[in-house]
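Each chain, letter by letter, is given below.
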Amino acid sequence: MSAVDVRNVSKRYGATTALDRVSLAFPNGSFFALLGPSGSGKTTLLRALAGFVEPDEGMILIDDQDVARIPSFRRNIGMVFQNYALFPHMSVFDNVAFGLTVRRMPRADVRQRVGEILELVRLDGLDQRKPRQLSGGQQQRVALARALVTEPRVLLLDEPLGALDKKLRQDMQGELKRIQRTVGITTIFVTHDQEEALTLSDRIAIIDEGRLIQVGEPGDVYDRPHTRFAASFLGDANFLSGPVRDSGIMVDRVGHIATTSPLPAGDATIAVRPERIRLVACDAATQDNRIEGRVAERVFSGASLTYTVHTDAGPLRVLRQNADGDVIDIGERVALVWLADHSVVVEN
Amino acid sequence: MRIESRRRWAIAWLTGPAYLWLAVTIFLPLSAMLYFSFQKKGPFGRHASEFSLKHYEAFFTKGYLQDLMWRSLEMGFHVTLLCILIGFPAAYWLARRIRGRWREALFLLIVLPFWSNALVRIFSWTIVLRPDGVLDRAVHLVIPGLPTIDLTDSYAAIIIGLVHSYLPYMILTCFLSLQAIDESLLEAARSLGARSWTILARIILPLAVPGLAAGSILIFVPVIGSFFEPRLLGGPKGTVIGTVIEEQFTVVSNWPLGGALSFILLAIVLLILAAASPVLKKHMSTT
Amino acid sequence: MNQARWMVLASEGAGRLWLFLVLLFLYLPILVLAVMGLNDSVHYTLPFTFTTRWYEDLAGNERLLQASVNSVAVALANTLIATTLGTMAALAFARYRFRGRTALQLLLFPPITIPWLIIGTSMLVLFFWTGIGRGLHAMLLGHVALSLPYVIIVVGARLASIGPELGEAAASLGATPFQSLVRVQLPVMAPGIVAAALFAFAVSFDQFVISYFLAPPGVSVLPVEIFSAIRKGFTPEVNAISTIMIVVSMTALLLFARLSKFGGER
C-alpha cells in the first residue's frame, strides 16, 4: 500500500511550470528521495504534500484520502525545514513539545514523550537550551525530534542536511537513517545532492523542469538511467551517439559500440559510467567495446584518479581506483574497454 | 481551491481595515479637496454646486501668489542645499571614520531631536535668536562692541529653524547609503593608485547619490509646504504659499482657493520629481 | 612622512569638530528652552535665577492639563489602533504574494510624503462636509492614518527578517492558524510590534499640523495649546510643558531604538 499517492499533479506560477503532470507513489515505510537541480520543482512537490502549495490540477492522497480540502495543520505530517525553522523564543523542550501541546496532550504525557524522542536523537540534557545556543548539528536534531514527536503519517525533509559541513553531514546521514529505521516512518526528502540521495534512500525519483524523469531503487536508477539527464545528474557519464547497427551503434571514426539494452530505430545515444571503463595497453586483445586515445588530463582525488582521454569520439572520462599507486602519464596512448552490458541506451 | 479561497480571505481581512482607514482619512479627503478646488464656493450655506476654474485662474492672474510660490520654492532650495552641505560631511564622518559603540550613540543623538515636537523646536529658536538672546550674548562675548544681533522675524531665522528641523533626515539617509559602501571597494581603488580626493569624488559620492536624493526629497517637499515655521520665525516677513493656504482654511474660509493652491503645489512637486527622475533612476538601478 | 601624518591628524580633528558643531546646533536651542523653563525671568533675560515656579504653575493651568490628558488619550488610542491594523497589513504583505501587493505598498507613501498642511486641510474639508466634524475623534482618525505607514514599515522589516518558515513549521506540527498566531508569530514579532507602537505614540503625541486643523474651539491637545500660547505672547510655562513633551517623546524613541536595534549592526 502507498502511504502517499500523487496523481497527475501540475502547478504553474505564471508562465513557468513548476510541476507538470507528476504521478508518483510513495510506499509505506520507504525512505524516498526527490532528486533534482534547484528550480526543478522538487520542493514545490514537497510543499504540495505539506499543504503549503495548492496544485492546479491532480490529486494528492495520504492514506488513500484526498487531502485537497485538508489544511496543513490537519494533515498529520512532520516536516524538517532547510533552515530548521526552530521557534527562537522557545527552549528545546518547548520546541519539541509544541506539536503535542497544540493537540492538548496532558502535561505528564508530553514530558515523557519529549524525553523519549530527545533520547532517540541523542539530545537528552539540552532541553532547556535556546535554539541559538546549539550547534548546527544539534539544531538539526531538534528539528527532527520536533517533527517526529507527534508520530506523523509522513516525514517531509527539505534539504535537511544542506546547511551542514561535509563531515557533520556524513555523520547526520547515518543518524537520520538509523532514526528512520527505528521509527519506521514513511520519509520523503528533497535534495540536490546525488550522493546523499544514493546513501540515504531506498527509492529515488529524479525530477527535472517539473517533470518526473525516472523512479526506482538507487542501484537501478544508477545502472539503468533512462535519459541523458538522469545519467549525468545521478553520477557521471560519457555519451556516444550514432546510427543503430546490429545491437549497437556506429560511432563516427570509432566504429561499432555494442550494447545489451534494447535499441530504438534510427539514432541512439549510449551512456557509459567512467568507473565502468578500464584502461589497458593498446596491444591488449579484447572482445569488449574498445576505443583508443591519448591521456590528456589527470585529476587526483585521493582514493581515485580521473583521466580525461582524447579519442576520435571526443574526450572521455575514466575513473580508476588508486589501488596500487600506478599512475598513467599524460600523453600516453591507451585503450578504453568496457562490457556491452555497461553501454546503457538513454533518451536524449 | 480551498487553500486559494482561504488565502484570499486572509489577505482581505488583514489588509482591509488598514486600507479602508487610509481611504477614508487620506484618499477620500484629497479627492474632496480636489472636487472643491473646482467649485465656485465652499460647502457653506445653501447653494448649488457650480464648476469653476476661477481659483486656478487666480494663481495665474495674481502676481503675488506666484511670487509667494516662488519664494516657497526658493526657501525649499536653500534649506535643502544647506542640509546637504552640513549633513553630508557629518554623515560621511560618522559612517566611515567612527566605529563601534560611539557611532551608534552619535547616530542616535543626531536622529533623537527628530522625535521631539517640531513646533517646540521652532519655538526654542525664537528664544535663541531674539535680541539679547543666547546668540546675541554669545557673539558679543567673542566680539564686544558689535551692534545688537536681532534675527527675530527674518528670512535667516526661518532658514535656520527649517534646517534645524530637517537636517537629521539628510544625515540619516546619507548615513545609510554611506554605511552600505563596502570597505573593499575603497581598498580596491587605493590599490589602483587612487588618492583620497579621487576616491571621494569618483566612488563615494556616486554611491551616496541615492541617499542624497532621498534626503533632498524628504526635506524639499515638506519645506515648501511649511507654514507654522515661517509664521513663528518670520512674523510679518514669513508669508509663503503655505501660510496663504493655511489662511484660506483658518481665517478667510475660501476653501476652493486653498484647495487649488494645494494642488498647484503638489503638481509642482511632481514636476520637479519627474524632472529629477532620470538622474535618480540611473543611480538607483546601479546600486 | 611627518607632513602626511600631520594632515591625517588635522583631518581627523576637522571631522570631529564638524560632528560636534552639528550636535551643538541640534541641541543648543533645546537646552536653552529647557534652561529657560527653570529661569525666573518672564522675558527670558539673563542673569539666570533658578526657579521651579513655572512647573508649579502648570499644575494650576486647567487648559494645559486638559490638553495634556487629551494628547495622551488620543496618542494611546492611536497607538492601539494603528499598531493592530498596521501589524495585520504587514503580516499580509510578508506572508502572501498577491496581485496589487506592490500597488498597496506604494499607497503608503502619499501619507508620508504629501505635506501635512495639505493632508490636514483636506481632512478638514471632508470631515466638515460629511458631518464627521472636528474634535478628538477627528484627530484620532487623522493620526492613525499618519501612523499606519510607519507601523507597516517597521513591523514589515521585522517580519522580513523572520520569513514564512516559522508559520509553516507551526502548521506542519498541527497548530491551527490561531494557535500559530498566538504561540509563534506574535511572540517572535513582539520586539517589532512594540517598536512600532512607540513610534506610533510619538507620531501622534508630537503631531501638530493635523491636530491644528481638526481642533474645534475649546477642545485641544498639547501642541495646539502650545501654539496658541506662543502666539498670544508666551510665558516660561510653555517652556516647562515643552520640556516635558520633549522628554516624553525622546524616551519613546530611545526605547524604540533599543528594541529595533536602530542604527547599529546586529
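Each value, and the rule that gives it
Residues numbered from 1 in each chain as written. Chains lettered and ligands numbered in written order. Predicted model: local features only at pLDDT ≥ 70, side-chain atom pairs only at ≥ 80, totals over all residues. Heavy atoms only, no water. Helix = DSSP H or I, 4+ residues; strand = E, 2+ residues; numbered from the N terminus. Rg over C-alpha atoms; globule rule 2.2 N^0.38 Å. Buried < 20%, exposed > 50% of the residue type's maximum accessible area, 1.4 Å probe, protein only. Contact = heavy atoms within 4.5 Å. Axes fitted to C-alpha atoms, helices over the stretch in contact; angles between N-to-C directions. Parallel < 35°, antiparallel > 145°, perpendicular 65-115°, else oblique. Left-handed = near helix turned anticlockwise from the far one by under 90°. Nonpolar A, V, L, I, M, F, W, Y, C, P; charged D, E, K, R; others polar. Expected span 1.5 Å × (residues − 1). Bend = angle between axes of the 7 residues up to and from the residue. Pairing = 2+ DSSP bridges. Domains from an automatic or database assignment. Patch = residues over 30% accessible without salt bridge, like charges linked within 9 Å, V, L, I, M, F, W, Y side chains within 5 Å. Areas by Shrake-Rupley, 256 points an atom, 1.4 Å probe, with all protein chains shown as cover. Salt bridge = Lys/Arg side-chain N within 4 Å of Asp/Glu carboxyl O. Lys, Arg positive; Asp, Glu negative; His and termini not counted. Charge placed at Lys NZ, Arg CZ, Asp CG, Glu CD. Buried area = accessible area lost by both parts, 1.4 Å probe. Polar contact = N/O pair within 3.5 Å; in protein donor to acceptor, adjacent residues only side chain to side chain. Core = buried A, V, L, I, M, F, W, Y, C linked by side-chain atoms within 4.5 Å.

1. Considerations on the overall build of chain B
- Looking only at helices and strands, chain B features twelve helices and zero strands.
- The linear arrangement of helices and strands in chain B, starting from the amino end, is α-α-α-α-α-α-α-α-α-α-α-α.
- The C-alpha atoms of chain B give a radius of gyration of 24 Å, which is well past the 19 Å a tight globule of 287 residues would have.
- Considered along the principal axes of its C-alpha atoms, chain B spans approximately 80 × 75 × 35 Å.
- Expressed as a percentage of its 287 residues, the buried residues of chain B come to 50%.
- In chain B, of all internal contacts separated by at least 6 residues, the share reaching a separation of at least 24 is 66%.

2. Description of the packing of helix 3 (residues 62-95) of chain C against helix 7 (residues 136-162) of chain C
Residue and element names in this part refer to chain C.
- Packing of helix 3 against helix 7 brings their axes to within 6 Å, and their N-to-C directions diverge by 40°. The orientation of helix 3 relative to helix 7 falls into the category oblique. Classified by chirality, the crossing of helix 7 by helix 3 is right-handed.
- The class makeup of the residues in the contact of helix 3 with helix 7 is 18 nonpolar, eight polar and one charged.

3. Remarks on helix 9 (residues 196-224) of chain B
- Spanning 29 residues, helix 9 of chain B covers only 37 Å between terminal C-alpha atoms, well under the ideal 42 Å at 1.5 Å per step.
- By the largest-angle criterion, Val209(B) marks the main kink of helix 9 of chain B, which is about 45°, and a proline, Pro210(B), follows within four residues.

4. Details of the pairing of strand 2 (residues 16-27) of chain A
Residue and element names in this part refer to chain A.
- Direction of pairing for strand 1 (residues 2-13) relative to strand 2: antiparallel, over a ladder of eight bridges. The residue bridging Asp5 from the neighbouring strand is Ala25, located in strand 2.
- Between the end of strand 1 and the start of strand 2, which pair antiparallel, lie two residues, with Gly14 showing a positive phi angle near 60°.

5. Examining the sheet that holds strand 19 (residues 333-338) of chain A
All names here are of chain A.
- In space, the five strands of this open sheet follow the order 15-19-16-17-18, with antiparallel pairing throughout. Two strands in the sheet have a free side with no partner beyond their single neighbour: strand 15 (278-280) and strand 18 (314-321). The average angle at which neighbouring strand axes cross in this sheet is 45°, direction not considered.
- Where strand 16 (residues 289-300) meets strand 19, six bridges bridge the pair, whose relative direction is antiparallel. Paired with Gly293 across the two strands is Val334, which belongs to strand 19.

6. Here we look at the domain arrangement of chain B
- As assigned here, chain B comprises domain 1 (1-29) and domain 2 (60-284).
- The distance between the C-alpha centroids of domain 1 of chain B and domain 2 of chain B comes to 36 Å.

7. A short note on a negative patch on the surface
- On the surface, Glu116(A), Glu119(A), Asp124(A) and Glu151(A) cluster together into a negatively charged patch.
- Locating Asp124(A) in the fold gives a position in the loop between helix 3 (107-120) and helix 4 (136-148).

8. Overview of helix 4 of chain A
- For helix 4 of chain A, with 13 residues, the first-to-last C-alpha span of 18 Å sits near the 18 Å given by 1.5 Å per residue.
- For helix 4 of chain A, the set of buried residues is Gly137(A), Gln139(A), Gln140(A), Arg141(A), Val142(A), Ala143(A), Leu144(A), Ala145(A), Arg146(A), Ala147(A) and Leu148(A).
- Close packing links the buried residues of helix 4 of chain A with strand 6 (77-80), helix 2 (92-101), helix 3, strand 7 (154-158) and helix 5 (166-183) of chain A together with helix 8 (165-172) of chain C.

9. Overview of the pattern of salt bridges
- Evaluation of the coordinates by the stated rule reveals 19 salt bridges over all chains.
- We note a salt bridge from Glu159(A) to Lys42(A), for which the minimum N-O separation is 3.9 Å. Of the two residues, Glu159(A) sits in the loop between strand 7 and helix 5 while Lys42(A) sits in helix 1 (residues 42-50), which places them 117 residues apart along the sequence. Summarising the burial analysis for this pair, Glu159(A) and Lys42(A) share the class buried.
- For Glu246(B), the salt bridge identified is with Arg231(B), shortest N-O distance 2.5 Å. In this pair, Glu246(B) is assigned in helix 11 (residues 241-250) and Arg231(B) in helix 10 (residues 228-234), connecting sequence segments 15 residues apart.
- Classification of Arg231(B) by relative accessible area gives buried; the value is 16%.
- One continuous salt-bridge network, built from bridges that share partners, spans Arg122(A), Arg141(A), Glu175(A) and Arg178(A).

10. Describing the sheet that holds strand 9 (residues 203-208) of chain A
All names here are of chain A.
- Sheet architecture is open: six strands sit in the order 6-7-8-3-9-10, paired in mixed fashion. In the strand order of this sheet, the two ends are held by strand 6 and strand 10 (211-216), each with one partner. Across the sheet, the axes of successive neighbouring strands diverge by a mean angle of 20°, strand direction being ignored.
- Across four bridges, strand 6 lies against strand 7 in parallel orientation. Residue pairing for strand 7: Val80 is matched across the bridge by Leu157.

11. A closer look at the domain arrangement of chain A
Residue and element names in this part refer to chain A.
- You can read the domains of chain A as domain 1 (2-229) and domain 2 (236-346).
- One C-alpha centre belongs to domain 1, the other to domain 2; they are set 39 Å apart.
- In this complex, domain 1 contributes eight residues to the contact, which on the side of domain 2 involves ten residues.
- Both sides of the domain 1 and domain 2 interface together cover about 790 Å² of buried area, and 43% of this is carbon and sulfur.
- Across the domain 1-domain 2 interface, the total number found is one salt bridge.
- Where Asp223 meets Arg276, a salt bridge forms, and the shortest distance between an N and an O atom there is 3.2 Å.
- In this structure, the connection of domain 1 to domain 2 is made through four residue pairs in polar contact (both at pLDDT 80 or more).

12. Things to note about the interface of chain B and chain C
- The interface of chain B with chain C comprises 79 residues on the first partner and 84 residues on the second.
- Regarding the contact of chain B and chain C, the summed buried area is about 7700 Å², with carbon and sulfur atoms giving 82% of it.
- On the chain B side of the interface with chain C, the three residues burying the most area are Tyr19(B), Trp21(B) and Trp115(B), jointly 10% of the side's total.
- Across the chain B-chain C interface, the total number found is zero salt bridges.
- The tally of links between chain B and chain C comes to eight residue pairs in polar contact (both at pLDDT 80 or more).
- Per element, the largest residue contribution to the side of chain B that touches chain C is 22 residues, and it comes from helix 1 (residues 2-37) of chain B.
- By residue class, the composition of the side of chain B that touches chain C is 58 nonpolar, eleven polar and ten charged.

13. Here's the deal with the side chain of Ser124(B)
- Following the sequence through the fold, Ser124(B) ends up in helix 5 (residues 118-129).
- Among the residues examined, Ser124(B) registers a relative accessible area of 1% and is labelled buried.
- The contact partners of Ser124(B), leaving out residues within four places of it in the chain, are Pro29(C), Ile30(C) and Leu33(C).

14. Digging into the nonpolar core
- Counting residues in each nonpolar core, the largest one holds 217 residues, and the members touching the most others are Leu34(A) and Ile188(A).
- Counting residues in each nonpolar core, the second largest holds 45 residues, with Val110(A), Ala145(A), Leu176(A) and Leu234(A) among its members.

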